[in-house]
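Residues per chain, in single letters:
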Amino acid sequence: MTGSESLAPKAVSAPGKVLLAGGYLVLDRNYTGLVFGLDARIHVYIEPIETKSGVSLSEIIVKSPQFREANWEYGYRLTEGDGGIAVTPLRASHDVLLHKNPFIETALTYALTYISSHLPHHQIGPSTISILASPAYYSNQGTPSNPPSQFLKYDVSLSEAHKTGLGSSAALVTSFTAALLTYYLPRDVFDIDTEDGLRVLHNLAQASHCAAQGKVGSGFDIASAVYGSCLYRRFTPTLLSSLPVPGASSFSTALKNLIEGKEWDTEIHKAAIKMPQGLRLVMCDVDCGSETPGMVKKVLQWRAENQEEADDIWNGLQKGNDDMAKELTRLATQDPQSGEGERYARLRDIINGNRELIRKMGEASGVPIEPPQQTALLDACSKIPGIVGGVVPGAGGYDAVVLLIEDREDVMAELKKLTSAWKVENQGDGITMGKVGILGIREDMVGARREEPAVYQMWNTGS
Ligand SMILES: Nc1ncnc2c1ncn2[C@@H]1O[C@H](COP(=O)(O)OP(=O)(O)O)[C@@H](O)[C@H]1O
Ligand SMILES: C[C@@](O)(CCOP(=O)(O)OP(=O)(O)O)CC(=O)O
């Protein structure tokens, strides 16, 4: 191992996501999802802790310097019986409340355990880690930092931050795991610039994200954080069920075997999804003060009880999703001057067909996937010349829409005009929608990547 090289400061970033097609379907391996990565990223910077000579700590400090009270200190030690690395939250004094962050704690436990299966334990030295998120992840008012940088300061704690739903925990777990692996492991063992490196990162981030969430979702958010925009088919969920819990006997060997094993059946098709030149995605955040808990459970339960009717909708949507991927690819590879009639007519039809089926899914299962308020907003947006169409992304609900628009300033100006004045009458369900905001982001095809460490050093001092 080339110790000095791996202990130089490192930085990695990973993108947020939007599931353009395949919500609910992608939970089932028989179907796929079309996920776009976004140019809103979570960055993680890691450097050694400067210790006074002779002092040796087993401590890792993690901070989110954009937020108040977002410092976590962990002790770590190798457990007996091949149980991996145990991570213990520390508190500086009894007066300091322990704000737990399960995503950080779990990702740290899993990544250090994986690292320790490749390195002697004493080579895992103390480090300081900073997490920095692009402004689009939160709708809170931020203030510019001093000296200026692309990241804002928020005068709130993380629990008070208002998320815009771009998949912060998946981008965080991915970039945090990647930063640890890149920092501690020599490049011939882990290299994020290789297919093998991405596979290890994907498998490890999926395992720790599921453990931190306490559930196994489809994992499309981790897949796009690692690989960027792609057509995604999930892994068989039972793959993760034989993994012992951290600290239990053989956790370390079982984790290494799982992460490096051949049984992963995830399918990532990057070539199958493209954004034609001249088009772009726009994300709108709808302030409605309403979250709908249990949507996934309710939809899946309805599907289990109404298999035949559900299969028709699921198969129809899968065809729509495949058609959308194909049409985007056709437009991306075709000469923009060729073809007759309106260039995006087919894409518009495919989007509208999908929306019809999504509404049917929602009505049949009694879940507001594309509720009337969103139908009104999407219909109004779709009438603006230059807007091809839009959908409720992911699980749907009241809080977001994603639009496919022609990438021109006049189209954006018309959209801003419409959204800034947008009001919806009460639809009888007691939910009134507030402001519709346009997030300053778009699609990004690139997944997790190394960043230049020097950019982040200003954030790593103080607290
Ligand atoms: N900047 C950040 N620093 C540290 N942890 C963060 C940050 N942003 C998000 N998180 C973690 O991710 C959690 C939010 O994840 P989740 O509820 O899955 O939302 P999302 O839909 O954005 O993924 C937060 O509670 C926090 O633990
Ligand atoms: C229903 C789903 O298929 C899609 C949910 O997509 P969202 O983008 O709505 O997800 P969150 O970030 O978890 O809020 C569930 C899944 O695939 O895990």
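Residues numbered from 1 in each chain as written. Chains lettered and ligands numbered in written order. Predicted model: local features only at pLDDT ≥ 70, side-chain atom pairs only at ≥ 80, totals over all residues. Heavy atoms only, no water.

Under an unreviewed UniProt entry, the name given to the protein is Phosphomevalonate kinase, and the source organism is Sporormia fimetaria CBS 119925. We quote the UniProt Catalytic activity (unreviewed entry) comment for the protein here in full: "(R)-5-phosphomevalonate + ATP = (R)-5-diphosphomevalonate + ADP". (UniProt positions renumbered as here; feature names shortened; annotations may be inferred.)

Caption draft 1: View of the overall build of the protein. On a plain count of helices and strands, the protein comes out with 11 helices and 16 strands. Against the 2.2 N^0.38 benchmark of 23 Å for 463 residues, the protein shows a C-alpha radius of gyration of 23 Å, consistent with a compact globule. Overall size of the protein, expressed as C-alpha extent along the three principal axes, is 75 × 50 × 50 Å. Per-residue burial for the protein yields a buried fraction of 55% across its 463 residues. (Helix = DSSP H or I, 4+ residues; strand = E, 2+ residues; numbered from the N terminus. Rg over C-alpha atoms; globule rule 2.2 N^0.38 Å. Buried < 20%, exposed > 50% of the residue type's maximum accessible area, 1.4 Å probe, protein only.)

Caption draft 2: Quick peek at the site of ligand 2. All residues adjacent to ligand 2 are Lys17, Leu19, Gly23, Tyr24, Val26, Leu27, Gly217, Ser218, Phe220, Val296, Gly394 and Ala395. Within the side chain of serine 218, a nitrogen or oxygen atom sits 2.6 Å from an oxygen atom of ligand 2. Between ligand 2 and alanine 395, the relevant distance is 3.0 Å, taken from an oxygen atom to a main-chain nitrogen or oxygen of the residue. Protein chains bury 71% of the 460 Å² of accessible surface belonging to ligand 2 in isolation. (Near = heavy atom within 4 Å. Polar contact = N/O pair within 3.5 Å; in protein donor to acceptor, adjacent residues only side chain to side chain. Areas by Shrake-Rupley, 256 points an atom, 1.4 Å probe, with all protein chains shown as cover.)

Caption draft 3: Expanded view of the side chain of asparagine 354. Structurally, asparagine 354 can be placed in helix H9 (residues 345–365). Discounting chain neighbours no more than four positions away, the residues touching asparagine 354 are Ala21, Leu317, Gly320, Asn321 and Met324. (Contact = heavy atoms within 4.5 Å.)

Caption draft 4: How the structure looks around the UniProt feature "domain: GHMP kinase N-terminal" (unreviewed entry) in the protein. Mapped onto the present numbering, the UniProt feature "domain: GHMP kinase N-terminal" (unreviewed entry) falls on residues 162–228. Here residues 162–228 runs as 66% helix and 0% strand, with 24 Å between its end C-alpha atoms.

Caption draft 5: Highlighting the sheet that holds strand S14 (residues 436–438). An order of S12-S13-S11-S14 is seen for the four strands of this open sheet, with the pairing classed as antiparallel. Where the open sheet ends on each side, the last strands, each with one partner, are strand S12 (387–391) and S14. The average undirected angle you get between the axes of adjacent strands in this sheet is 25 degrees. In terms of strand pairing, S12 meets strand S13 (residues 400–406) through four bridges, oriented antiparallel. The residue of S13 that forms the bridge with glycine 389 is leucine 404. (Pairing = 2+ DSSP bridges. Axes fitted to C-alpha atoms, helices over the stretch in contact; angles between N-to-C directions.)

Caption draft 6: Region of interest: the side chain of aspartate 221. Tracing the backbone shows aspartate 221 in helix H5 (residues 220–227). For aspartate 221, which is buried and forms no salt bridge, the nearest opposite charge comes from lysine 17, at a distance of 5.8 Å. Aside from chain neighbours lying at most four places away, what touches aspartate 221 is Lys17, Ala170 and His209. (Lys, Arg positive; Asp, Glu negative; His and termini not counted. Salt bridge = Lys/Arg side-chain N within 4 Å of Asp/Glu carboxyl O.)

Caption draft 7: Representation of the pairing of strand S9 (residues 230–233) within the structure. Pairing of strand S2 (residues 33–48) with S9 involves three bridges; the strand directions are antiparallel. Looking at the pairing, glycine 33 lines up with tyrosine 232 of S9. Note: S9 against strand S10 (residues 267–269), three bridges, orientation antiparallel. Bridge pairing in S10 links arginine 233 to glutamate 267.

Caption draft 8: The arrangement of the pattern of salt bridges in detail. As enumerated under the stated definition, the model contains 25 salt bridges in all. Taking the shortest distance from any N to any O, the salt bridge between glutamate 327 and arginine 330 comes out at 2.9 Å. With glutamate 327 and arginine 330 both in helix H8 (residues 307–333) and three residues apart, this pair spans about one turn of that helix. Three or more residues joined by partner-sharing salt bridges are found here, namely Arg29, Arg233, Asp265 and Glu267.

Caption draft 9: Representation of the packing of helix H3 (residues 168–184) against H5. The geometry of H3 relative to H5 is characterised by a closest axis approach of 9 Å and an angle of 45 degrees between their N-to-C directions. Our classification of the angle between H3 and H5 gives oblique. The way H3 lies across H5 gives a crossing that is right-handed. Every residue of H5 that contacts H3 at Ala170, Ala171, Val173 and Thr174 is listed here: Asp221, Ile222, Ala225 and Val226. Looking at side-chain class alone, the contact of H3 with H5 contains six nonpolar, one polar and one charged residues. (Parallel < 35°, antiparallel > 145°, perpendicular 65-115°, else oblique. Left-handed = near helix turned anticlockwise from the far one by under 90°. Nonpolar A, V, L, I, M, F, W, Y, C, P; charged D, E, K, R; others polar.)

Caption draft 10: How the structure looks around the site of ligand 1. In the neighbourhood of ligand 1, the contacting residues comprise Ser64, Phe67, Asn101, Phe103, Ile131, Tyr138, Leu158, Lys163, Gly167, Ser168, Ser169 and Leu172. Contact between ligand 1 and asparagine 101: an oxygen atom at 3.1 Å from a side-chain N or O atom of the residue. Between ligand 1 and the protein, one listed contact pairs a nitrogen atom with a side-chain N or O atom of tyrosine 138 at 2.8 Å. With the chains in place, 78% of the 580 Å² that ligand 1 exposes on its own is no longer accessible. Tallying contributions element by element places H3 first for the shell around ligand 1, with three residues. Its residues assigned to classes, the shell around ligand 1 shows six nonpolar, five polar and one charged.

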